[in-house]
Amino acid sequence: MSLLRAAHIAKSFRGLKAVAGASFEVPERGIVALIGPNGAGKTTCFNMIAGVFPPDSGAIRFEDRNIEGMRPDQVCAAGIGRTFQIVKPFAGLSVLDNVMVGGFLREKTRAGARSVALGVLRKLRLESKAEMPASALTLPDRKRLEVARALATRPRLLLLDEAMAGLRPTECDEMVAIFRELNRADGLTILLIEHVMRAVMALAQHIVVLHHGEVIARGAPAEVVRDPAVLECYLGEETEV
Amino acid sequence: MSRRGIALLGGLAILLLALPGVANAYLLSVATLILYLAYVGQAWNVMMGFAGQLSLGHSLYVGVGAYAAASLFFHFGVGPWAGLWLAIALSVALGCAIGFLAFRFGISGVYFALLTIAFAEFVRIGFDHLQWTGGPGGLFLKVAQRDQIDLANFRGPPEMYYYAILCLAALAFAGCAWLLRTKAGYYWQAIRENEEAAQALGINTFRWKMLAVAISSAMTAVAGVFFAFYYNNLFPEQIFHISRSIEIILGPIIGGVGTLFGPILGAALLTLLSDGITEGLAAMGWEIPGVKHVFYGVVLLAVVLFLPNGIWPPIARRFGLRR
């Protein structure tokens, strides 16, 4: 049963087709990676799902309703959390307050939002930095804060836009372990855009490859990375995975 | 709040409560002005300091609130306690009209600020031509009897006005402190820090920004009613003027935008120093018109250059207080 289903979604910017009728699905409790070269339309897909702008055509179904054309806050309330490729912390607030903002979506009281936030911070191993101003965090911690904030809204589906970019291999592995745990223990469904193949191969159960706004390959990770079309446009002949 | 913070607040409260007993009429009028500016600054701070929406037209709400209550009293003898509600309703309606136009059509930042100036100017020109409220010639209330307190009509000696505005300032302070700890406070700050990220966390930014405008304009309208009954005369040219809006925002900017003590500290410092300078120069035999505004300019420049977050945050850090 798929939790998210994008059917023939398309988006053009001033005549330039960013996404040209792409279809893909994310199964319940699955982890799907959206990969492809720069400009393939990955982030545009994300933005259509997250409600930043509506698709020109096509449908996006989440659970049992169509969400295309909803505002970002409505999409989030429906149960889809997202992180941004370029992190956007609330710099003037503490780490805990940042996450509490997310917690208030499903909790009316400060105490409720606080306990949700503390729980999420523990999962992301940020609890020791709860009282620090978000502006004082290092990049890896900012990436985690981004995830923590989204998780505090208690999403069923989490959209990760290059959550591993700029991390060292060990930091990347830690993040992978965290996401695996969230997927396994909490049943969180994840759709990720990622260039770091190390993380993609370790996380994804299913890969969708976009090129020029179209899906050129899809399948299990081991198959996709051997696909000649994928090798040619994205991974390159020499890539060792 | 820390023990130090409570001690500081307690000391301040005692000082302010006891002030009419020791101060002369002039000092009391200065103190009243400080508290008035602290109160309006607090109201402005809800919009700018908490929710990040820059209003440069808060004189609009002061003026509309003042005229609403004063004209009801002047024409129909309706007391300010009833007039207050009309004042609030009109101000909130105007604030929401501005907010709706801006937030619905994506006008933000300096363009939003320009819109707030434009509305204040429209209304100023409107009142200049509204004969019912005296037009440019002004609206005058009968000066209060100084020896008896008439609470129902809010007429009385300066001490009464002092305590009234002290009450308002204290309520605004407590109210803002409470608001900051609620969902609204968190959501406003999130919108202020990064609106896109706020939206992605499920915040309907339009709705929460409108709430900030409504609360801020309602609070400011109450200040307008106080203004009308304290000063007893209203001129569109004065009360709606942009310099009044600037005067309102200088306190919080110099004290610290988004902080709770900033508006109070800023209002006190500015008023005390500018009045001190004017008085000091007068004592030396120099009458320099406009010296107050030069002083405002210099202080603003110094704060922007050396303490861009205002005076309060470094003080709070130094003494281990929050906000």
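Whatever comes next refers back to the structure up there.
Residues numbered from 1 in each chain as written. Chains lettered and ligands numbered in written order. Predicted model: local features only at pLDDT ≥ 70, side-chain atom pairs only at ≥ 80, totals over all residues.

Undergrad: Got a minute to help me understand the overall build of chain B in this structure?
TA: A tally of regular secondary structure across chain B gives 14 helices and two strands. For 323 residues, the compact-globule formula gives about 20 Å, and the C-alpha radius of gyration of chain B, at 20 Å, lands near that figure. For the C-alpha atoms alone, the extent of chain B along its principal axes is close to 60 × 45 × 40 Å. Buried residues in chain B amount to 46% of all 323 residues. Here the contacts in chain B between residues at least 6 apart in sequence split such that 74% fall between residues at least 24 apart. (Helix = DSSP H or I, 4+ residues; strand = E, 2+ residues; numbered from the N terminus. Rg over C-alpha atoms; globule rule 2.2 N^0.38 Å. Buried ≥ 20, exposed ≤ 12 C-beta atoms within 10 Å, placed from the backbone. Contact = placed C-beta atoms within 7 Å.)

Undergrad: Is there a simple way to think about the packing of helix α3 (residues 95–103) of chain A against helix α7 (residues 183–193) of chain B in this case?
TA: A pair of packed helices is captured by two measures, namely the crossing angle of their axes and the spacing between those axes. Where α3 of chain A contacts α7 of chain B, the two axes come as close as 9 Å, and the packing angle between them is 110°. Comparing the axis directions of α3 of chain A and α7 of chain B gives the class roughly perpendicular. In this structure, α3 of chain A uses Asp 97, Met 100 and Val 101 of chain A to contact α7 of chain B, whose residues at the interface are Tyr 186, Tyr 187 and Ala 190 of chain B. Looking at the contact of α3 of chain A with α7 of chain B residue by residue, the class counts come to five nonpolar, no polar and one charged. (Axes fitted to C-alpha atoms, helices over the stretch in contact; angles between N-to-C directions. Parallel < 35°, antiparallel > 145°, perpendicular 65-115°, else oblique. Nonpolar A, V, L, I, M, F, W, Y, C, P; charged D, E, K, R; others polar.)

Undergrad: Help me out: how do you make sense of the sheet that holds strand β8 (residues 189–193) of chain A in this one?
TA: The pairing of strands in a sheet comes from backbone hydrogen bonds and takes either a parallel or an antiparallel form. Residue and element names in this part refer to chain A. With respect to topology, six strands assemble into an open sheet ordered β6-β7-β8-β3-β9-β10, the strand pairing being mixed. Each edge of the sheet is formed by a strand with only one pairing partner; in this case those strands are β6 (80–82) and β10 (214–219). For this sheet, the mean angle separating the axes of adjacent strands, direction not counted, is 20°. Pairing geometry for β6 and strand β7 (residues 157–161), over three bridges, is parallel. (Pairing = 2+ DSSP bridges.)

Undergrad: Is there a simple way to think about the environment of Leu 15 of chain B in this case?
TA: Tracing the backbone shows Leu 15 of chain B in helix α1 (residues 3–22). C-alpha of Leu 15 of chain B to C-alpha of Gly 285 of chain B: the two residues are 270 residues apart in sequence and 32 Å apart in space.

Undergrad: What is the right way to look at the interface of chain B and chain A in this model?
TA: It is common to report an interface's size as the accessible area lost on association of the parts. With 17 residues of chain B at the contact, the number on the chain A side is 22 residues. Elements with a minimum of two residues in the side of chain B that touches chain A: α7 and α8 (195–200) of chain B. Of all the elements, α7 of chain B adds the most residues to the side of chain B that touches chain A, at six residues. Partitioning the side of chain B that touches chain A into residue classes produces seven nonpolar, six polar and four charged.

Undergrad: Looking at this structure, I do not really get unusual backbone geometry. What am I missing?
TA: Despite not being glycine, Arg 29 of chain A has its phi angle at roughly 65°, a positive value. Take Arg 29 of chain A: it is sitting in the loop between β2 (16–27) and β3 (31–35). According to the C-beta neighbour criterion, Arg 29 of chain A is partly exposed, with 16 such atoms within 10 Å. Non-glycine residue Asn 232 of chain B carries a positive phi angle of around 65°. The residue Asn 232 of chain B is located in the loop between α9 (205–231) and β2 (233–234) in this model.

Undergrad: What is the right way to look at the sheet that holds strand β5 (residues 65–66) of chain A in this model?
TA: Residues and elements named next belong to chain A. Read across the sheet, four strands follow the order β2-β1-β4-β5 without closing on themselves; strand pairing throughout is antiparallel. In this open sheet, the two strands that pair with only one neighbour each are β2 and β5. Relative to strand β4 (residues 57–62), strand β1 (residues 2–13) is paired through five bridges, and the arrangement is antiparallel. Among the inter-strand pairings, Ala 6 is bridged to a residue of β4, identified as Ile 60.

Undergrad: Explanation requested: the environment of Ala 77 of chain A in the structure shown.
TA: In this structure, Ala 77 of chain A sits in helix α2 (residues 72–78). When the C-alpha positions of Ala 77 of chain A and Pro 27 of chain A are compared, they lie 20 Å apart, and in sequence the two are 50 residues distant. The contacts of Ala 77 of chain A, once residues within four sequence positions are left out, are Leu 105 of chain A together with Gly 202 of chain B.

Undergrad: Before we go on, may I ask you to explain the pairing of β10 of chain A in this structure?
TA: Looking along a regular strand, one sees side chains alternate from face to face of the sheet. Residue and element names in this part refer to chain A. Two strands pair when backbone bridges link them, and strand β9 (residues 206–211) and β10 are joined in this way by five bridges, in the antiparallel orientation. Bridge pairing links Leu 210 to Val 215 in β10. The hairpin formed by β9 and β10 contains two residues between the paired strands, and His 212 there has a positive phi angle of roughly 50°.

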